[in-house]
Amino acid sequence: MIVSIHQPQFLPYLGFFHKVAHSDLYVVLDDVQFLERGFQHRNLIKMQTGKQWLTVPVVGKHLQRTDEVMIDSSTNWRRKHWAALESNYRPAPFWGELAPGLKAILVDGGHSRLADLDMDLMRWAFSALGIEVPIRLSSELGVEGTQTARLVSVCQAMGADVYLSGQGGKQYMELGLFEAAGVEVRFQEYVAREY
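So, here's what we can say about the structure. Bear in mind that the values here come from a model prediction, so they are computed numbers and not experimental data. (Residues numbered from 1 in each chain as written. Predicted model: local features only at pLDDT ≥ 70, side-chain atom pairs only at ≥ 80, totals over all residues. Heavy atoms only, no water.)

**Quick look at the overall build of the chain**
The number of helices and strands found in the chain is six helices and nine strands. In terms of overall size, the chain behaves like a compact globule, its C-alpha atoms giving a radius of gyration of 17 Å where 195 residues would be expected to give roughly 16 Å. Dimensions along the principal axes, computed over C-alpha positions, put the chain at roughly 50 × 35 × 25 Å. In the chain, which comprises 195 residues, the proportion classed as buried is 44%. Contacts in the chain between residues far apart in sequence, at least 24 positions, make up 60% of those at least 6 positions apart. Accessible area for the chain stands at about 10600 Å²; split by element, carbon and sulfur atoms hold 52% of it. (Helix = DSSP H or I, 4+ residues; strand = E, 2+ residues; numbered from the N terminus. Rg over C-alpha atoms; globule rule 2.2 N^0.38 Å. Buried < 20%, exposed > 50% of the residue type's maximum accessible area, 1.4 Å probe, protein only. Contact = heavy atoms within 4.5 Å. Areas by Shrake-Rupley, 256 points an atom, 1.4 Å probe, with all protein chains shown as cover.)

Structure representation (structure tokens):
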């Protein structure tokens, strides 16, 4: 069984979907520390004149687990995000088909927790892309450890033979821990396409 593990992100990049599509199971690493100004609550979109950050405002950012982070609803960020997406992507193929579902989550969803918003956006994208990989939350597994040891523990809890990692994993993972646990590590081969 091939398992991929990734933190919830706000509108993840295409490589994330490629990795999950090549897995038998995706585990959402939702019980790790929230990274302020990280991709858990922000991302870049392509505009005609460059790039623009879309950031979901959050409260109580320091030393929280990702699944505990609450969205700051005191601003009109939902409408601003939607206006930016609509003005930049309306001419794109499939906008008319996909926009209603995206708007229902992003604008009308009323999420109070960031992880819930990220998960609903991810599930919407999985559906649009035809990705039918089972999803588990690490917070439900009761696994221990930090960094590589935590990834190994998740793989063991799921009965994984293979852990599919992004290329960035080469920079920080202790591959010997996977080897000692009998879990093969494969690194994703993804080439970004211009869109």
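**Section: the nonpolar core**
Membership of the largest hydrophobic core comes to 22 residues, with the highest contact counts inside it found for Phe10, Val56, Trp82, Leu85, Leu114 and Leu117. Non-local contacts of Trp82, meaning those with residues more than four positions away in its chain, are made with Trp95, Ala99, Leu102, Lys103, Leu106 and Val107. (Core = buried A, V, L, I, M, F, W, Y, C linked by side-chain atoms within 4.5 Å.)

**Overview of the sheet that holds strand β9 (residues 184-187)**
In space, the five strands of this open sheet follow the order β7-β2-β1-β8-β9, with parallel pairing throughout. Taken across any chain shown, the strands that pair with only one partner, and hence form the sheet edges, are β7 (135-137) and β9. Averaged over neighbouring strand pairs, the angle between their axes works out to 30 degrees when direction is ignored. Bridge analysis of strand β2 (residues 25-28) against β7 gives three bridges, and the strand direction is parallel. (Pairing = 2+ DSSP bridges. Axes fitted to C-alpha atoms, helices over the stretch in contact; angles between N-to-C directions.)

**A short note on the packing of aromatic side chains**
Under the definition given, this model contains nine aromatic pairs. Taking the centre distance of 5.0 Å and the plane angle of 75 degrees together, the rings of Phe16 and Phe17 count as edge-to-face. Residues Phe16 and Phe17 agree in their burial class; the two are buried. Ring geometry for Phe16 and Tyr26: centres 5.4 Å apart, planes at 75 degrees, overall edge-to-face. Separated by 10 residues along the polypeptide, Phe16 in helix α1 (residues 14-21) and Tyr26 in strand β2 bring together distant segments of the chain. Like Phe16, the residue Tyr26 is buried in the burial classification. The structure contains a cluster of three or more aromatic residues connected by ring pairs, namely Phe16, Phe17, Tyr26 and Phe126. Lying over the aromatic face of Trp53, Arg42 brings its terminal NZ or CZ to 3.7 Å of the ring centre. (Phe/Tyr/Trp six-rings, centres within 6.5 Å; stacked < 30°, edge-to-face > 60°. Lys NZ or Arg CZ within 6 Å of the ring centre and 35° of its normal.)

**Details of the packing of α1 against helix α4 (residues 114-129)**
As a packed pair, α1 and α4 sit with axes 11 Å apart at the nearest point and diverge in direction by 70 degrees. For the element pair α1 / α4, the angle class is roughly perpendicular. Between α1 and α4 lies a crossing of right-handed hand. In contact with Phe16, Phe17 and Val20 of α1, α4 contributes Met122, Ala125, Phe126 and Leu129. Among the residues forming the contact of α1 with α4, the class breakdown is seven nonpolar, no polar and no charged. (Parallel < 35°, antiparallel > 145°, perpendicular 65-115°, else oblique. Left-handed = near helix turned anticlockwise from the far one by under 90°. Nonpolar A, V, L, I, M, F, W, Y, C, P; charged D, E, K, R; others polar.)

**Looking at α1**
Turning to α1, its buried residues number three or more, namely Gly15, Phe16, Phe17, Lys19 and Val20. Buried residues along α1 sit against β1 (2-6), β2, α4 and β8 (162-165).

**Quick look at the side chain of Asn88**
In this structure, Asn88 sits in helix α2 (residues 77-89). Among the polar contacts made by the side chain of Asn88, one reaches the main-chain carbonyl oxygen of Ala84 at a distance of 2.7 Å. Once you skip the residues sitting within four places of it in the chain, Asn88 turns out to touch Ile45, Lys46, Met47 and Gln48. (Polar contact = N/O pair within 3.5 Å; in protein donor to acceptor, adjacent residues only side chain to side chain.)

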